[in-house]
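# Working through the structure, step by step
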Amino acid sequence: MRSVDRSGLPKLPVPPLQQTCEHYLAALTPIVDPEELNHTRKLLEEFQKPGGVGERLQKGLEQRAKKMENWLSDWWLQTAYLDYRMPVVVHSSPGVVLPRMEFSDRQGQMRYAAKLIAGVLDFKSMIDNETLPVEYLGAKPLCMNQYYKVLSSCRIPGTKRDTVVNYTLDKRPPTHITVVHNFQFFVLDVYNSDATPLTVDQIYIQLEKIWNSSLQTNKEPIGILTSNHRNSWGKAYNNLIKDKTNKESVRAIQKSIFTVCLDAPIPRVSDDMYRTRAGVQMLHGGGSRWNSGNRWFDKTLQFIIGEDGTCGLIYEHAPAEGPPIVSLIDHVVEYMKKSEMVRTPMVPLRMPQKLRFHITPEIKKDIEEAKQNMNIMVHDLDMKVSVFSHFGKDFPKSQKMSPDAFIQMALQLAIYKRCCPTYESASLRMFRLGRTDTIRSTTIDSDKFVKAMDDPAKHNTEKVALLDKAVKAHRAYTDMAIRGQAIDRHLLGLKLQAIEDLAALPEIFMDTSYAVVLHFNLSTSQVPAKTNCVMCFGPVVPDGYGVCYNPMDTHINFAVSAFNSCQDTNAARLAQALEDALLDIKTLLEQTPKAKL
């Protein structure tokens, strides 16, 4: 696999300084009090003075943009992921819940796992041969670089910052995956000596061997170490790999193409609780008593297949966003529907190699600490995964409204008691090496609409007009963001430029408003998929919510998360409020005669 040709794509622009300052003030207007806003307005005027600090930093950024393929991507990888010291579990890595499978025993589990592995290898062949169809947004081609980052890669912990390694371009790229069962790790070669992938039958036989040689649960779940706070894990990691055997075992996991976690069944729950249960299973594994030790959370891609039919995956966020992961899932799910290959003559295959670890008393202590911390996280995560079945994309479309903007306005209405900073991710993949910027869904227009909905003095026609305006404002900001003109990454760039210049940090970054505007009580993402799945992630602040949604034609899959340690948030309550808000908006639109245009 050679690097992808990105030469045809434009470079990420640096937005004009004045434009960002204006939009920044507009973003602050609904969320900070007038006094604070006034103070910030003065600071911004100072910042923008000709020949002043802002101009100098802006020039610095423009120089950086000329020299680099993407002025933002390295900075973003470092600040958003590798410098972030909270555990990747719950705080960073998203999970995906796949539709429930109908198997309930190990044969079904392994048959499914074998087909899934074959499907991922089929996708991998398109990456290796560079035959992945380029994706488009409208008529614009998108950067495909993230697809080349998700296989054969892994995050490596450090005591101050992490790194990411990718083995795809090695002289001898990896030909094995890792399989975890009962907390024990195995190396499974998935290619024959002639470089052809193993067939589904061959993979099945190999998984059976793994299963049979790991019947007893391993007493020490070494994988749980990867769930700890990054600094603690970094220390434990350095200690772990002093031993040669441990180092080789860890390296085998890091280099593997991906990991498959064969999970033990989890206690049965009612059907309406099932999706929520599956969601937490993907995000953290249920705690040290259940499947949290059956993971290597630093691995970019881990597919999770429970003996009870609970399936999905979790991915480490540093190398990629949701959409590439979802198209991989869509491909694999389609692939698995195909009838089985012709059975191949059975060549005896080598026994998959079990990875050994020497557990010293010190490592045992680190494992105990990680277990305790994991169980605290498990108890603290409040989650609700639900299906809104009254309508899907079809209804907003029938009203000539963007489904995403429609859902975002319903979210603003659902949380309206506290008008708060809201993050929605926008893709920058129209640009070389583009990742994301922020769509700020809380706007002056959304605020007016939400307040009007609760005002008995306002007529329906006025409410509809305000909704329409809010939806259009959201659409306009979204378009601005995907064209590289949003404010969040630009402000971050100006701040990092000041740090790089070793200059004093400009006052706008020490201002209360800046702290408020970055405290995202509502962190959201639309991750559409062909498959009837839903992605889920934790909140990004202690008193916040994480909301991810997949709008299908006639229903919407939602995952809402919060922390139990915060008195003010409750995932089920927000999920219910969101359902009510969607229905209220639909009723409003249906009861209001269309204005003659």
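Residues numbered from 1 in each chain as written. Predicted model: local features only at pLDDT ≥ 70, side-chain atom pairs only at ≥ 80, totals over all residues. Heavy atoms only, no water.

Time to look at the UniProt feature "active site" (unreviewed entry) in the protein. According to UniProt, the feature "active site" (unreviewed entry) maps to H317 in the numbering used here. Along the chain, the position of H317 falls in the loop between β10 (311–315) and α10 (322–337). If near-sequence neighbours (up to four positions away) are discounted, H317 is found in contact with Y81, S92, S93, P94 and R435. (UniProt positions renumbered as here; feature names shortened; annotations may be inferred. Helix = DSSP H or I, 4+ residues; strand = E, 2+ residues; numbered from the N terminus. Contact = heavy atoms within 4.5 Å.)

Read from one edge of the open sheet, six strands run β12-β18-β17-β15-β13-β14, paired in mixed fashion. This sheet does not close on itself; its edge strands, each paired only once, are β12 (381–388) and β14 (436–440). Shown here is a sheet whose adjacent strand axes are inclined to one another by a mean of 20°, direction ignored. Of the strand pairs in this sheet, strand β13 (residues 422–427) and strand β15 (residues 522–526) are connected by three bridges, and their pairing is parallel. From the neighbouring strand, Y423 faces β15, where its bridge partner is S523. Helix α18 (residues 571–591) contacts β12, β15, β17 (545–551) and β18 (556–563) of the sheet and is inclined by roughly 25° relative to β12. (Pairing = 2+ DSSP bridges. Axes fitted to C-alpha atoms, helices over the stretch in contact; angles between N-to-C directions.)

By convention, interface size is frequently given as the accessible area that disappears when the constituent parts associate. What the domain assignment lists for the protein is domain 1 (3–17 + 43–69 + 389–526 + 567–591) and domain 2 (91–382). For domain 1 and domain 2, the distance between their C-alpha centres works out to 33 Å. Taken over both partners, the interface formed by domain 1 and domain 2 buries close to 1400 Å², and the fraction arising from carbon and sulfur atoms is 54%. Linking domain 1 with domain 2 are two salt bridges. The tally of links between domain 1 and domain 2 comes to seven residue pairs in polar contact (both at pLDDT 80 or more). Taken together, the residues of the side of domain 1 that touches domain 2 break down into seven nonpolar, five polar and four charged. (Domains from an automatic or database assignment. Buried area = accessible area lost by both parts, 1.4 Å probe. Salt bridge = Lys/Arg side-chain N within 4 Å of Asp/Glu carboxyl O. Polar contact = N/O pair within 3.5 Å; in protein donor to acceptor, adjacent residues only side chain to side chain. Nonpolar A, V, L, I, M, F, W, Y, C, P; charged D, E, K, R; others polar.)

A separate point is the packing of helix α13 (residues 403–414) against helix α15 (residues 460–482). Axis separation between α13 and α15 bottoms out at 9 Å; the angle between their running directions is 120°. Considering only the axes of α13 and α15, their crossing is right-handed. Every residue of α15 that contacts α13 at D404, A405, F406, Q408 and M409 is listed here: L467, A470, V471 and H474. Across the contact of α13 with α15, the residue classes break down as six nonpolar, two polar and one charged. (Left-handed = near helix turned anticlockwise from the far one by under 90°.)

It is characteristic of soluble globular proteins that their nonpolar side chains tend to be buried jointly. Grouped together as the largest cluster of nonpolar side chains are 58 residues, with contacts concentrated most on I117, I177, L207, F258, L301 and I305. Elements supplying a minimum of two residues to this core: α5 (106–128), β6 (176–181), β7 (184–189), α6 (200–212), β8 (259–263), β9 (301–306), β10 and α10. Core analysis: the second largest hydrophobic core is formed by 47 residues, L28, Y423, M480 and F520 among them. (Core = buried A, V, L, I, M, F, W, Y, C linked by side-chain atoms within 4.5 Å. Buried < 20%, exposed > 50% of the residue type's maximum accessible area, 1.4 Å probe, protein only.)

Turning our attention to the pairing of β12. Most of β12 is tucked away, with six of its eight residues classed as buried. As defined by bridge partners, β12 adjoins β18 across eight bridges and the pair is classed as antiparallel. Note that in β18 the partner of D382 across the bridge is A562.

Each pair of packed helices can be described by the angle between their axes along with the distance between the axes. Contact geometry for α13 and helix α14 (residues 444–453): axes closest at 9 Å, N-to-C directions at 55°. Here α13 is positioned oblique relative to α14, judged by the angle of their axes. Seen along the crossing, α13 lies across α14 with a hand that is right-handed. Along its contact with α13, which presents M409, Q412 and L413, the element α14 presents S446, F449, V450 and M453. In terms of residue class, the contact of α13 with α14 is built from five nonpolar, two polar and no charged. (Parallel < 35°, antiparallel > 145°, perpendicular 65-115°, else oblique.)

What follows concerns the packing of aromatic side chains. For the coordinates displayed, the defined rule picks out 14 aromatic pairs. Ring centres of F509 and Y514 lie 5.1 Å apart, and the angle between their planes is 70°; on these two criteria the pair is classed as edge-to-face. Exposure remark for Y514: the relative accessible area of 7% places this residue in the buried category. Put simply, the rings of F185, W233, Y237 and W296 touch in pairs and so form one group of aromatic residues. Over the aromatic face of W75 sits the side chain of R64, whose NZ or CZ is 3.6 Å from the ring centroid. Against the face of F395 rests K586, its NZ or CZ located 5.4 Å from the ring centre. (Phe/Tyr/Trp six-rings, centres within 6.5 Å; stacked < 30°, edge-to-face > 60°. Lys NZ or Arg CZ within 6 Å of the ring centre and 35° of its normal.)

Turning to the side chain of T20, a few remarks are in order. Take T20: it is sitting in helix α1 (residues 17–28). Overall, the relative accessible area of 1% leaves T20 in the buried class. Each residue touching T20, except ones within four places of it in the same chain, is listed here: P15, A486, I487, H490 and L491.

What follows is about α5. For α5, spanning 23 residues, the distance from its first C-alpha to its last is 32 Å, which sits close to the expected 33 Å at 1.5 Å a residue. Across the 23 residues that make up α5, a large majority, 17, are buried. Looking at the residues trailing α5, positive phi occurs at E130, about 55°. (Expected span 1.5 Å × (residues − 1).)

Along β15, four of the five residues are buried, which leaves the element largely enclosed by surrounding structure. Two strands pair when backbone bridges link them, and β15 and β17 are joined in this way by five bridges, in the parallel orientation. Bridge assignment links T524 to a residue of β17, and that residue is V547.

What follows covers the sheet that holds strand β16 (residues 534–536). Pairing within the open sheet is mixed, and its eight strands lie in the order β11-β7-β6-β8-β9-β10-β1-β16. Each edge of the open sheet carries a strand with a single partner, namely β11 (353–354) and β16. Where β9 and β10 come together, five bridges link them in antiparallel fashion. The residue of β10 that forms the bridge with L301 is Y315. Along the sheet, helix α8 (residues 244–255) contacts β6 and β7; its crossing angle with β6, the most-contacted strand, is approximately 110°.

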